[in-house]
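Notes for the structure review
The chain contents come next:
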Amino acid sequence: MSRLYFPKDFIWGSATAAYQIEGAYQEDGKGESIWDRFSHTPGKVANGDTGDVACDHYHRYKEDVELMKEIGLDSYRFSISWPRILPKGKGEINQQGLDFYRGLINELLKAGIKPVVTLYHWDLPQALQEEGGWANREIVKHFVNYAEILFNEFGDVVSQWITHNEPFVVAFNGHGSGDHAPGIKDQQVALQVAHNLLLSHGLAVKKFRELKLDNEIGITLNLISSYPISDNVEDNKAAKRMEDYINGWFLEPLFKGRYPERIVEFYGEKFNNLDIREDDMGLIKEEIDFLGINYYSRSLVRYNKDSKFLGIEGVKPQDSQYTAMDWEIYPKGLYDLLIKLNQEYTQKPLYITENGAAFDDKISEGGGVHDQDRIDYLKAHFQSAYKAIQEGVALKGYYVWSLMDNFEWAYGYSKRFGITYIDYENNQRRILKDSAYWYKNIIVNNSLEV
Ligand code: BGC
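Residues numbered from 1 in each chain as written. Predicted model: local features only at pLDDT ≥ 70, side-chain atom pairs only at ≥ 80, totals over all residues. Heavy atoms only, no water.

When the UniProt feature table is mapped to this numbering, "binding site: substrate" (unreviewed entry) covers Gln20, His121, Asn165, Tyr296, Trp401, Glu408 and Trp409. Take His121: its relative accessible area is 1%, and that puts it in the buried class. Setting aside residues no more than four positions away along its own chain, His121 makes contact with Ala17, Gln20, Arg77, Ser79, Asn165, Glu354, Trp401 and Trp409. Along the polypeptide, Tyr296 turns up in the loop between β8 (290-294) and β9 (299-303). (UniProt positions renumbered as here; feature names shortened; annotations may be inferred. Buried < 20%, exposed > 50% of the residue type's maximum accessible area, 1.4 Å probe, protein only. Contact = heavy atoms within 4.5 Å. Helix = DSSP H or I, 4+ residues; strand = E, 2+ residues; numbered from the N terminus.)

Grouped together as the largest cluster of nonpolar side chains are 153 residues, with contacts concentrated most on Phe172, Trp249 and Phe382. Contact partners of Trp249, with chain neighbours within four places excluded, come to Phe172, Leu191, Ala194, Leu198, Asp244, Tyr259, Pro260, Ile263, Val264, Tyr267 and Phe271. (Core = buried A, V, L, I, M, F, W, Y, C linked by side-chain atoms within 4.5 Å.)

This brings us to the pairing of strand β2 (residues 11-15). If a strand is regular, its side chains alternate between the two faces of the sheet. Taken across its five residues, β2 has five buried, putting it largely inside the fold. Where burial is concerned, the two faces of β2 agree: the one with Ile11, Gly13 and Ala15 and the one with Trp12 and Ser14 are both buried. Looking at chain direction, β2 and strand β3 (residues 75-79) are connected through three bridges and run parallel. Note that in β3 the partner of Gly13 across the bridge is Ser75. (Pairing = 2+ DSSP bridges.)

Once that is clear, we can look at the UniProt feature "active site" (unreviewed entry) in the protein chain. UniProt records the feature "active site" (unreviewed entry) at Glu166 and Glu354, using the numbering of this structure. These annotated residues cover 189 residues of sequence, and their C-alpha atoms all fall within 10.5 Å of one another, placing them together at a single site. Here Glu166 shows up in the loop between β5 (160-165) and α8 (167-177). Classification of Glu166 as buried rests on a relative accessible area of 7%. Once residues lying within four places of it in the same chain are set aside, the contact partners of Glu166 are Trp122, Thr220, Leu221, Asn222, Asn294 and Glu354. With respect to the secondary-structure elements, Glu354 resides in strand β11 (residues 350-355). A residue is classified by how much of its surface remains accessible, and Glu354, at 4% relative accessible area, is buried.

The eight strands are arranged β2-β3-β4-β5-β6-β8-β11-β12 in a closed barrel whose pairing can be described as parallel. Recorded for the sheet is a direction-independent mean angle of 25° between the axes of neighbouring strands. Contacting β3 and β4 (114-120), helix α5 (residues 95-110) crosses the sheet at an angle of about 170° to β3. (Axes fitted to C-alpha atoms, helices over the stretch in contact; angles between N-to-C directions.)

To continue, consider the site of the ligand. In the vicinity of the ligand lie 13 residues, with Gln20, Asn165, Glu166, Glu354 and Glu408 positioned nearest. Glu166 has a polar side-chain atom sitting 2.6 Å from an oxygen atom of the ligand. A distance of 2.8 Å is found between an oxygen atom of the ligand and a side-chain nitrogen or oxygen belonging to Glu354. Its free accessible area being 310 Å², the ligand has 93% of it covered by the protein chains. Each residue belonging to the shell around the ligand can be placed in one class, and the counts come to six nonpolar, four polar and three charged. (Near = heavy atom within 4 Å. Polar contact = N/O pair within 3.5 Å; in protein donor to acceptor, adjacent residues only side chain to side chain. Areas by Shrake-Rupley, 256 points an atom, 1.4 Å probe, with all protein chains shown as cover. Nonpolar A, V, L, I, M, F, W, Y, C, P; charged D, E, K, R; others polar.)

Let us now look at the packing of helix α9 (residues 187-210) against helix α10 (residues 233-256). The description of two helices packed together rests on the angle between their axes and the distance between the axes. At their nearest, the axes of α9 and α10 sit 11 Å apart, and the two run at 35° to each other. Considering how the two elements wind past one another, α9 and α10 form a crossing that is right-handed. Residues Gln187, Leu191, Ala194, Leu198 and His201 of α9 touch α10, and the partners they reach there are Tyr245, Trp249, Phe250, Pro253 and Leu254. Residues of the contact of α9 with α10, tallied by class, amount to eight nonpolar, two polar and no charged. (Left-handed = near helix turned anticlockwise from the far one by under 90°.)

Counting buried positions over the seven residues of strand β6 (residues 216-222) gives six, a clear majority of the element. Taken together, the four bridges between β5 and β6 define a ladder with parallel strand orientation. Directly across from Gln160, in β6, lies its bridge partner Glu216. As paired elements, β6 and β8 share five bridges and run parallel to each other. Residue Asn222 lies in a different strand from β8, and its bridge partner there is Asn294.

Time to look at the packing of helix α14 (residues 332-344) against helix α15 (residues 372-390). Interhelical geometry of α14 versus α15 gives an angle of 25° and a closest axis separation of 8 Å. On the basis of their axis angle, the class for α14 and α15 is roughly parallel. When the axes of α14 and α15 are compared, the crossing they make is right-handed. Residue-level contacts link Lys332, Leu334, Tyr335, Leu338 and Ile339 of α14 to His381, Ser384, Ala385, Lys387 and Ala388 of α15. In the contact of α14 with α15, the residues fall into six nonpolar, two polar and two charged. (Parallel < 35°, antiparallel > 145°, perpendicular 65-115°, else oblique.)

If you want it as structure tokens, here you go:
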């Protein structure tokens, strides 16, 4: 047995998102969001689940901060629901919405837990969707106004801000495949949405700088490591295209002020049709303080000329292990990714803003939840992170997804990602899983036993 010690000021945290846990979907003046609309549309979410009640965090946030204290978290990453603050997305502010987040932040500060806020984790006010949502460039202005309200309100107590969570998913799942709200299936629209999201990010960062706030701002991307099935040239190119599609499309504009050329060629007309204005790329590149990374799995691919999807075909190795999402468990991918980011894109501080796994957890007869598979998953990924830090990567913190089981988007409540079990049948009772106790031990010792 040996111990891997993390850097002294390393931040151990956990993350959630508003729509996935809060519930109270129509309370205290909150407006409708696109996820309220989507989940209430039959056939969109597994089992007809909605976020109406979710984990009831809106009413139980104090109890939840107690859980965080019990686990010993240094920091908690959560998102603010735009329609709770601005029920119509713009115009009148809902004071009760601000009060809720003020209460949560105060509770966290009292407990010595550092709040990290995501401005947009997918729950756009429905009223803005009626005006075209993220596909309409006007939204950039509305997003910056919304951000400014929060910067002014909480700028002194929130030390780190994240503009967007996974713009890739908003663009391509929300507007390409359509399996997320608002359920649009149009690749051209998806590309425009990606651009508008990036622009809104850049302008929000610019606004943040203008306000001269004494804290940090960044963005969170879902990133993969992509590998070819063979060393054949075409397979290699397919793997690179996959990486450009998911990572490069966001990393290159943010850090290099351009879209990745290799894939621009593939998009052809669709790219040429985009509304990208003269100053946009410079604005998107506005300097950030850190990059947030959500890592879950890798991508293994081969070239297939018949595949409509950029000539790429995904490969599922037989001898690998998979989570309940059917995602391959591949911790080395996290190490490879961190090294690559460091070498090719930025030496800015990096944070793992999400990493974790869904498994079919059950309450045991003794009342506990024995999720050894989640412990194994996290352990292997922490080791990868450790190795990257040893090699000089400026990784400053790690947020486990998720603090609690929650509404897993199109999968509803059927997938459990939490280190806390939510007993939906029994009044949303909370039970810390074995992984939460295991995590507590790591945090206390700031080290991992291997
Ligand atoms: C999202 C979370 C989601 C998690 C697991 C990320 O894509 O940010 O909201 O629950 O992955 O799918």
